[in-house]
Amino acid sequence: MFSAEQNCWFVRKVVCWRAAASIAWAVLLLPPVTALFVVLSRVSLFHPIEWITECLSILTSASTMFSFVLLCGVVVVVGFFNLEYYTVTPSIACSKIALLVQLLHPRQCLHAVVHCIMGVIVAWCCAFTIGPRYQNLASVCTLIDGDPQLCLNEYHLVLILFGAFVGYSHSLFGVMHNMNYVPFHAVQQYKYLRFKGNLPLVVKCSAIQSLYFTRNFLAVYFFLGYIPRSWLCDTLSLQSNSSLNPLDSIAGLLDLAMLYHLWISGTFLLLTWYLTVLLFRVFVTEVYNFPVQSAFTEQADRCLPKVLPGQQPMVLKFLALQDLALLSQHSPSRRAQVFSLSQPGGHPHNWNALSSECLSLLADLTQRLVAHHETVAINGRAKLHSAGSDKKSVSSDSSGLSATQDISTPRSAFLRSAGAAAPMSPNTGPFTSDLDSPFSSRALRLAPHLVPDSPWSETVQSPHLLRRGPQLWSASTDIGTSGSLSPSPTSAPSPHRAEPKPSPVTQFLHNRKEQVKHFLGRRVLVMYLFNKLPEASSQALFADSQSHIWALEGLSHLVAASFTEDKFGVVQTTLPSILGSMLVLQEAVDRHFKLPHASSKPLRSACSMGDCTSKTLRFALRATLKTAIYRITTTFGHHLNAIKMSAEHRKRLQQFLEYKE
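It should be emphasised that the depicted structure is a prediction, and the values quoted were computed from it without experimental measurement. (Residues numbered from 1 in each chain as written. Predicted model: local features only at pLDDT ≥ 70, side-chain atom pairs only at ≥ 80, totals over all residues. Heavy atoms only, no water.)

Novice: Sorry, what's going on with the overall build of the protein chain here?
Specialist: Tallying secondary structure elements over the protein chain gives 26 helices and six strands in all. Looking at the 661 residues of the protein chain, the share that counts as buried comes to 48%. Looking at the protein chain alone, contacts between residues at least 24 apart form 79% of all its contacts between residues at least 6 apart. (Helix = DSSP H or I, 4+ residues; strand = E, 2+ residues; numbered from the N terminus. Buried < 20%, exposed > 50% of the residue type's maximum accessible area, 1.4 Å probe, protein only. Contact = heavy atoms within 4.5 Å.)

Spelled out as structure tokens, the structure:
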């Protein structure tokens, strides 16, 4: 991410400096964390004086100083990877195969290899700190014949391999739980308070995850530990110490002192890395105040009305929307600049730029919700049409049109026919299944293609029962930036065009392709990899909803403040568009929450540095949307009756005015 956006002024002058500050603070926190590790690794409750003396001597030794330099280098590398891999919109895998592709991506493989190496370095530093039992790879031992020989110190080998295992597990865990996702908190706090509030969680997560990583490593070493041990003995011409139990046996793994040292070393490693991640999140998400307008032309491109609509890095757009939401609530002087007119000319350029960008974000989310709902409706109903049913549909199109509109959903800005479906966005692509997919249900693959122009469709409830029901989308409309209605008249079904007969070669290749699809579709492993995860579709659809939440908050607060602060009436010209966009989006959100798995809240992980706010963004958006509409209706009250809008929007708005929604 850093290499692609390094030419942006904000990334160079703000994000990079904030990342450098987070790394500097992580390095400053390294001495107390290292001292705490030394104290806990050399614990001796029955000899407290000797315990304290040993800890002081170790902390002042040359080997500890050299180890501290290496640990500082590791922290700097971790901070650089945080800057390189961070994202403000989480990447949500909608299937097992998508998650596997993420794990095998070259960037992720590089991340895993580098963290393995850094895990080895940290484990080597821990080996020097813990004591002579782990310091050297080779040690002098006495064999059965009485001759001293160089033997392999398996304790040192286990600790080094454990560091590599923890490094790889940390990288793997980061992909599965979106550790590179930088969340923005709703409650604004100072950096010190945020760090202080999250510090107990970081320590708890480090200790618990180190415990799980220790368990997993011991299981792996129990079965595969002989491989590195034999290879090192053969390569370095070392002997195995027959007087000690091998550590890949049950007796060797039950060494409580070794288990404790592995756990405390893993906790120290994860704690240093998680502190770096936490500090990076705290610094990057700090509020940045963009000027609304500037008297200097060289700073005009850094003002909020210029930054927000442009093609900017996502972190810049998110911070700009966050600043818009905050100024709309807490800064009357900056709100006055938003409502001001340009001189000369007298045009509300600031308000037009900010409101149009917010409305564009809301319209984009509405389009995605409509497209997703259409896809679910098409793939969830196998419509079986024969030639006779097609004739009945055409004949009933003119006679039963009014009855169809009476029983179906009223026409709104996001209703459309299947033939005029909204274009699929990248956020909806991963979870839209296809009828031609070999991993869809057999009933969907055997069903004929749909007739999108017919207002009636048949839904398969059982192999022997058909039910006629209204089509989900009954009219074709366009959603503009303003969210206004532009319905198109319902057109009669067009006659089917005669398709050209495919060539024999094309038909042969198509048949072979279908055979391969059917063969793979019957394999259990393939179905397991390609089946959609229950909540992933809904989570991916709302992955960037934090920007829409800020857009709703900013618009609603500015509109509410304009009732008393807008001296020129610049907000009143766009108030119908704002209300229309919000009402249309609320209808789309309500329909989405009626889908399976959309309304089920995921369980929050008790100990995880992977933030769970991305899984609950859809619930926050729904609450923010309803609050924004209520904020406007409560402020303007009966004055909203003078606004021109459609009958359906007026009816829905009346429910908010009467507090019935």
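Novice: Would you explain the nonpolar core in this entry?
Specialist: What tends to happen in soluble globular proteins is that the nonpolar side chains get buried as a cluster. Counting residues in each nonpolar core, the largest one holds 74 residues, and the members touching the most others are Phe 10, Phe 290, Trp 351 and Met 582. Not counting residues within four places of it along the chain, the set of residues in contact with Phe 290 comprises Trp 9, Phe 10, Arg 302, Leu 304, Val 307, Leu 316, Leu 319, Ala 320, Asp 323 and Arg 334. (Core = buried A, V, L, I, M, F, W, Y, C linked by side-chain atoms within 4.5 Å.)

Novice: It is not clear to me how the pattern of salt bridges should be interpreted in this structure. Could you clarify?
Specialist: A side chain of one charge can pair with a side chain of the opposite charge when the charged atoms of the two come close. Per the counting criterion, the structure on display carries 14 salt bridges. The residue Asp 323 makes a salt bridge to Arg 334 at a minimum N-O spacing of 2.8 Å. Taken as a pair, Asp 323 in helix α14 (residues 314–330) and Arg 334 in helix α15 (residues 332–339) lie far apart in primary sequence, 11 residues in all. With relative accessibility at 16%, the residue Arg 334 sits in the buried group. Among the charged side chains, a network of salt bridges with common partners joins Glu 154, Arg 229 and Asp 248. (Salt bridge = Lys/Arg side-chain N within 4 Å of Asp/Glu carboxyl O.)

Novice: Looking at this model, I keep getting lost on the packing of helix α9 (residues 191–224) against helix α12 (residues 256–284). Mind explaining?
Specialist: For any two helices packed against each other, the geometry comes down to the angle between their axes and how far apart the axes lie. As a packed pair, α9 and α12 sit with axes 7 Å apart at the nearest point and diverge in direction by 145°. Between α9 and α12 lies a crossing of right-handed hand. Among the residues making up the contact of α9 with α12, the classes are represented as 19 nonpolar, seven polar and three charged. (Axes fitted to C-alpha atoms, helices over the stretch in contact; angles between N-to-C directions. Left-handed = near helix turned anticlockwise from the far one by under 90°. Nonpolar A, V, L, I, M, F, W, Y, C, P; charged D, E, K, R; others polar.)

Novice: Which parts of the structure should I look at to understand the confidence of the model for the protein chain?
Specialist: Low pLDDT marks stretches whose predicted atomic positions should not be read closely. When pLDDT is averaged along the protein chain, the result is 81; 79% of the residues meet or exceed 70. Here helix α18 (residues 401–407) stands out as the least confident element of the protein chain, with mean pLDDT 35; α12 is the most confident, with 96. Per-residue pLDDT stays below 50 along residues 382–496; that stretch engages in 200 contacts with residues further than four places along the chain or on separate chains. (pLDDT = per-residue confidence, 0-100.)

Novice: Where do I start with the side chain of Ser 562 in this structure?
Specialist: Topologically, Ser 562 is positioned in helix α23 (residues 545–565). For Ser 562, a relative accessible area of 2% translates into the label buried. A distance of 2.5 Å separates a polar atom in the side chain of Ser 562 from the backbone oxygen of Val 559. When near neighbours in sequence (up to four residues on either side) are disregarded, Ser 562 contacts Phe 339, Val 571, Gln 572 and Phe 636. (Polar contact = N/O pair within 3.5 Å; in protein donor to acceptor, adjacent residues only side chain to side chain.)

Novice: Looking at this structure, I do not really get the state of the cysteines. What am I missing?
Specialist: Structurally, a disulfide amounts to a covalent bond that connects the sulfur atoms of two cysteines. In this structure the tally under the stated criterion is one disulfide. Linked covalently through their sulfurs, Cys 141 and Cys 151 form a disulfide whose S-S length is 1.5 Å. Of the two residues, Cys 141 is situated in strand β1 (residues 138–142) and Cys 151 in strand β2 (residues 148–152); the sequence distance between them amounts to 10 residues. Take Cys 141 and Cys 151: they sit in the same class, and that class is buried. With no disulfide of its own, Cys 126 lies closest to Cys 125 among cysteine sulfurs, the gap being 6.9 Å. Of the residues examined, Cys 126 reaches a relative accessible area of 1% and is grouped as buried. (Disulfide = S-S within 2.5 Å.)

Novice: Would you mind going over the side chain of Gln 322 with me for this structure?
Specialist: One can find Gln 322 in helix α14. Discounting residues that sit within four places of it in the chain, Gln 322 has contacts with Phe 184, Gln 188, Thr 285, Glu 286, Val 287 and Trp 550.

Novice: Explain the environment of Val 114 here, please?
Specialist: Along the polypeptide, Val 114 turns up in helix α7 (residues 106–130). Taking the C-alpha atoms as reference points, Val 114 and Ala 164, separated by 50 residues in sequence, lie 9.8 Å from one another. Residues contacting Val 114, with those up to four places away along its chain left out, are Val 77 and Phe 81.

Novice: Looking at this model, I keep getting lost on helix α25 (residues 617–636). Mind explaining?
Specialist: Side chains that are three or four residues apart share a direction in an α-helix, a result of its 3.6 residues per turn. Counted at 1.5 Å a residue, the expected span for α25 with its 20 residues is 28 Å, and the 29 Å between its end C-alpha atoms agrees. Taken residue by residue, α25 has Leu 617, Arg 618, Phe 619, Leu 621, Thr 624, Leu 625, Ala 628, Ile 629, Tyr 630, Ile 632, Thr 633 and Phe 636 as its buried positions. The positive-phi residue at the C-terminal boundary of α25 is Gly 637, with phi of around 60°. (Expected span 1.5 Å × (residues − 1).)

Novice: It is not clear to me how the packing of aromatic side chains should be interpreted in this structure. Could you clarify?
Specialist: Each aromatic ring pair is characterised by the separation of its centres together with the angle its planes make. According to the stated counting rule, one finds 24 aromatic pairs in the structure shown. Ring centres of Phe 81 and Tyr 85 lie 5.6 Å apart, and the angle between their planes is 20°; this geometry places the pair in the stacked category. Of this pair, Phe 81 and Tyr 85 both sit in helix α5 (residues 62–85), separated by four residues, roughly a single helical turn. Considered together, Phe 81 and Tyr 85 belong to a single accessibility category, that of buried residues. The interplanar angle of 80° and the centroid separation of 6.0 Å between the aromatic rings of Tyr 134 and Tyr 155 together place this pair among those described as edge-to-face. Remark: Tyr 155 occurs in helix α8 (residues 154–176) and Tyr 134 occurs in the loop between α7 and β1; sequence separation between them is 21 residues. With a relative accessible area of 1%, Tyr 134 lands in the buried category. These aromatic residues form a ring-pair network of at least three members: Trp 9, Phe 10, Tyr 288 and Phe 290. Residue placement shows Arg 107 over the ring face of Tyr 85; its charged tip is 4.3 Å from the ring centre. The ring of Tyr 155 has Arg 133 lying over it, and the distance from NZ or CZ to the ring centre is 3.9 Å. (Phe/Tyr/Trp six-rings, centres within 6.5 Å; stacked < 30°, edge-to-face > 60°. Lys NZ or Arg CZ within 6 Å of the ring centre and 35° of its normal.)

Novice: Looking at this structure, I do not really get unusual backbone geometry. What am I missing?
Specialist: With glycine set apart, most residues show a phi of negative sign, and most peptide bonds adopt trans. Along the chain, Gln 343 connects to Pro 344 via a cis peptide bond; the corresponding omega equals -5°. Positive phi, close to 55°, is recorded for Asn 178, a residue that is not glycine. Residue placement: Asn 178 occurs in the loop between α8 and α9.

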